[in-house]
Every structure is written in C-alpha cells, then in structure tokens.
Amino acid sequence: MNASMELNLEEMLRIRLEVLRREHRDLDAAIHALELSGRPDQLTLRRLKKQKLAFKDQIVKIEDQLIPDIIA
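The shown structure was predicted, so the numbers you read here are calculated from the model rather than taken from an experiment.

Peer 1: I'd love a proper account of the UniProt feature "coiled-coil region" (unreviewed entry) in the protein, names of residues and values included.
Peer 2: When the UniProt feature table is mapped to this numbering, "coiled-coil region" (unreviewed entry) covers residues 17-65. Secondary structure content for residues 17-65 is 90% helix and 0% strand, while the C-alpha to C-alpha distance between its ends is 11 Å.

Set out below in structure tokens:
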C-alpha cells in the first residue's frame, strides 16, 4: 500500500473523534425527542443516556491524546 494513502495515527483519531461527536449529537436528539413524547420509556431513556455518556468519555479520551499537556 502506498505510504501517501495510509492514515497516520493522528488522522485516524481525528476521524474517530468526528464519528463519536456525530453519534453523541444523534443520541442527544433521540433522547430529547423521547423526553418530549409524553410518557417516555424510562428504561430506554436510561440506556440512551448511559450510551451517550460512554461516547462522551471516549471523546474526552481521544481529545486528551490529540492535545498535548502543557505544563505552566
């Protein structure tokens, strides 16, 4: 495979980060729609919120990998 076609680690992390952010936004919209539906299924709502939190944790982890620590 050509070296110019290969993605480096940072590019792969940035792509994964964008996918996770999109999924996080989609879950947020789904949760909001479910909450507005009148009597939402609490179990489904709880599962969606837990999944959304897991995406957020993954987002923070990748952001930490991409942004170097600066010691002041």
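Peer 1: So what about the pattern of salt bridges? Which residues, and what values?
Peer 2: By the definition in use, this model includes five salt bridges. One salt bridge connects Arg 14 with Glu 10, and the closest N-O pair in it is separated by 2.9 Å. With Arg 14 and Glu 10 both in helix α1 (residues 9-36) and four residues apart, this pair spans about one turn of that helix. Under the relative-accessibility criterion, Arg 14 is labelled partly exposed at 43%. Lys 52 is paired through a salt bridge with Asp 28; the nearest N and O atoms lie 2.7 Å apart. A residue pair is termed long-range when its members are at least 10 positions apart, and Lys 52 in helix α2 (residues 42-66) and Asp 28 in helix α1 qualify at 24 residues. Residue classification places Asp 28 among the partly exposed residues on the basis of a relative accessible area of 39%.

The rules behind each value
Residues numbered from 1 in each chain as written. Predicted model: local features only at pLDDT ≥ 70, side-chain atom pairs only at ≥ 80, totals over all residues. Heavy atoms only, no water. UniProt positions renumbered as here; feature names shortened; annotations may be inferred. Helix = DSSP H or I, 4+ residues; strand = E, 2+ residues; numbered from the N terminus. Salt bridge = Lys/Arg side-chain N within 4 Å of Asp/Glu carboxyl O. Buried < 20%, exposed > 50% of the residue type's maximum accessible area, 1.4 Å probe, protein only.

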